[in-house]
Structure formats: C-alpha cells, structure tokens
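Structural features, examined
The primary structure of each chain is shown beneath.
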Amino acid sequence: MENAKAITILAALELGKRAMGFFNESLPVCMVLSLNVRKQLIHKEIVSIGTLTETLIHPREVFEPAIRHVADSII
C-alpha cells in the first residue's frame, strides 16, 4: 500500500516537472546579453521570468551580471 502511494507521488512530481517545462516556454523572459569592446557576446543570463502578463525587473538585476563579467555594453 505504501509503495503505491510513493509511486503516485513520484508520478505527480514528474508531471509537475513536465508541466513547468512546457509553461515556462510561453512566459516572458528578461535576459541580459553582456558584450565586450568588439561587441562580441561574453555572457548571457536570464534575470527574470515573468507571469502571463508581465515581468518585474530591478535595475540591479540587469547591471549586476554585466559588472560581474566586465562587460563594455549590454543588450
């Protein structure tokens, strides 16, 4: 009986993981692209994943990866 419950819980967790993978693709994402002096990509980082209608971003979340990777410019 306990084994059946454990299998049910594991199946539910797996379905949740698959659903999150599916829904995350349709959500807005804010990504910072850090560029060097030659405008070559040196780092990319997702700084925010939003909801269906919006994404909230604080300026420090945008500039921190660029400063950390000594970027010349960002997109």
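Structure: above.
So, a few notes on the structure that sits alongside this text.

Cut-off values and rules
Residues numbered from 1 in each chain as written. Predicted model: local features only at pLDDT ≥ 70, side-chain atom pairs only at ≥ 80, totals over all residues. Heavy atoms only, no water. Helix = DSSP H or I, 4+ residues; strand = E, 2+ residues; numbered from the N terminus. Buried < 20%, exposed > 50% of the residue type's maximum accessible area, 1.4 Å probe, protein only. Contact = heavy atoms within 4.5 Å. Pairing = 2+ DSSP bridges. Axes fitted to C-alpha atoms, helices over the stretch in contact; angles between N-to-C directions.

For the rest of this paragraph, the subject is the overall build of the chain. Regarding its fold elements, the chain presents two helices and three strands. Each helix and strand of the chain, ordered N terminal to C terminal, gives the series α-β-β-α-β. The proportion of buried residues among the 75 residues of the chain is 15%. Long-range pairs, those at least 24 residues apart, make up 40% of the contacts in the chain between residues at least 6 apart in sequence.

This next bit is on the environment of Thr-53. Relative to the helices and strands, Thr-53 is located in the loop between strand S2 (41-49) and helix H2 (59-68). A C-alpha to C-alpha distance of 8.0 Å links Thr-53 and Pro-28, two positions 25 residues apart in sequence.

The next subject is unusual backbone geometry. In this model, Lys-39 sits at a positive phi of 65 degrees, which is unusual for a non-glycine residue. Tracing the backbone shows Lys-39 in the loop between strand S1 (29-35) and S2.

On to the sheet that holds S1, then. The antiparallel open sheet is built from three strands, whose spatial order is S2-S1-S3. The open sheet has two free edges, formed respectively by S2 and strand S3 (73-74), since each of these has just one partner strand. In this structure, S1 lies alongside S3, joined through two bridges in antiparallel fashion. Looking at the pairing, Leu-35 lines up with Ser-73 of S3. Relative to the sheet, H2 contacts S1, S2 and S3, its axis offset from that of S2 by approximately 155 degrees.

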